[in-house]
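In case you want the letters, here they are:
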Amino acid sequence: MTAPRPAVFLDRDGTINVDTVHVSRADSVRLIPGVAGAIARLNAAGVPVIVISNQSGIGRGLFTMELYHEVRQRIAEMLAVDGAHVDGVYICPHSPDVSPACDCRKPRTVLHQQAAAEHGLDLARSWYVGDRLRDILPAKSLGGHGILVPRDTTPGADVVAAKDGFALSTSLASAVDRILAALPLSTPARGS
């Protein structure tokens, strides 16, 4: 049996693609410059890339699961142009306004744990990257390392809070530089 591997957990909106608030149309998806190349570098190094995304627009009735899947497919197609892919995608479709609160909305870690079980991942050696504090907070409870990549839409309070125990990067490419420098020189592919 293969030992669990570290992974990179990425947020979607604001980290991979431009966050236009409830991204719900495939024809409006725009990747953030440099993201596909950064993900391709993780792929080439054998590091699993897992997307964990809160998609509360579904629970709020702002768009359907079908529209979500169209956006997801479009992002996959755009990444593939530069030879990049993600190894798994997990979403919380619930509204944060419902009570009781669901167990899967970030910063909760149910989706991370599910991904770890399905992909053989070591959560304590993984990296958690996003544009909001909730994207990187799982590193506190699961172990691992959090990197905030602030955007114009990142609340200032998130940036201030991230300075206590997390790293900040100016882009996903610079975050990947840090991750690859910290990982062993070769990460064996799953099953080797």
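So, here is what we can say about the structure in this document.

The rules behind each value
- Residues numbered from 1 in each chain as written.
- Predicted model: local features only at pLDDT ≥ 70, side-chain atom pairs only at ≥ 80, totals over all residues.
- Heavy atoms only, no water.
- Core = buried A, V, L, I, M, F, W, Y, C linked by side-chain atoms within 4.5 Å.
- Buried < 20%, exposed > 50% of the residue type's maximum accessible area, 1.4 Å probe, protein only.
- Helix = DSSP H or I, 4+ residues; strand = E, 2+ residues; numbered from the N terminus.
- Contact = heavy atoms within 4.5 Å.
- Expected span 1.5 Å × (residues − 1).
- Arc of directions from axis to C-beta.

## Here's the deal with the nonpolar core
And then number 1: The biggest cluster of nonpolar side chains holds 31 residues, and the ones touching the most others in it are Ile39, Val129 and Leu172.
And then number 2: Contributing elements (two or more residues each) for this core: β1 (8-10), α1 (35-44), β2 (49-54), α3 (65-81), β4 (127-130) and α8 (172-182).
And then number 3: Those residues in contact with valine 129 that lie beyond four places of it in its chain are Val8, Phe9, Leu10, Asp11, Thr15, Asp135, Ile136, Ile147, Val149, Leu172, Ala175 and Ile179.
And then number 4: Judged by nonpolar contacts, the second largest core, of 22 residues, contains Ile50, Tyr90, Ile136 and Ala139.

## Re α3
And then number 1: Its 17 residues give α3 an end-to-end C-alpha distance of 25 Å, which sits within 8% of 24 Å, the value for a rise of 1.5 Å per residue.
And then number 2: Taken residue by residue, α3 has Tyr68, Val71, Ile75, Met78 and Leu79 as its buried positions. Buried residues of α3 fall within an arc of 100° about the axis and therefore sit on the same side. Projecting away from the buried face of α3 at angles above 90 degrees are the exposed residues Glu66 and Val81.
And then number 3: Buried positions along α3 lie against α1, α2 (56-59) and β3 (88-92).
And then number 4: Immediately beyond the C-terminal end of α3, within one or two residues, lies glycine 83, with a positive phi of roughly 75°.

## Notes on the environment of alanine 115
And then number 1: Tracing the backbone through its elements, the reader meets alanine 115 in helix α4 (residues 110-119).
And then number 2: Between the alpha carbons of alanine 115 and valine 129 there is a distance of 15 Å; along the sequence they are 14 residues apart.
And then number 3: The residues touching alanine 115, leaving out its near neighbours within four places in the chain, are Phe9, Ile50, Tyr90, Gly120 and Leu121.

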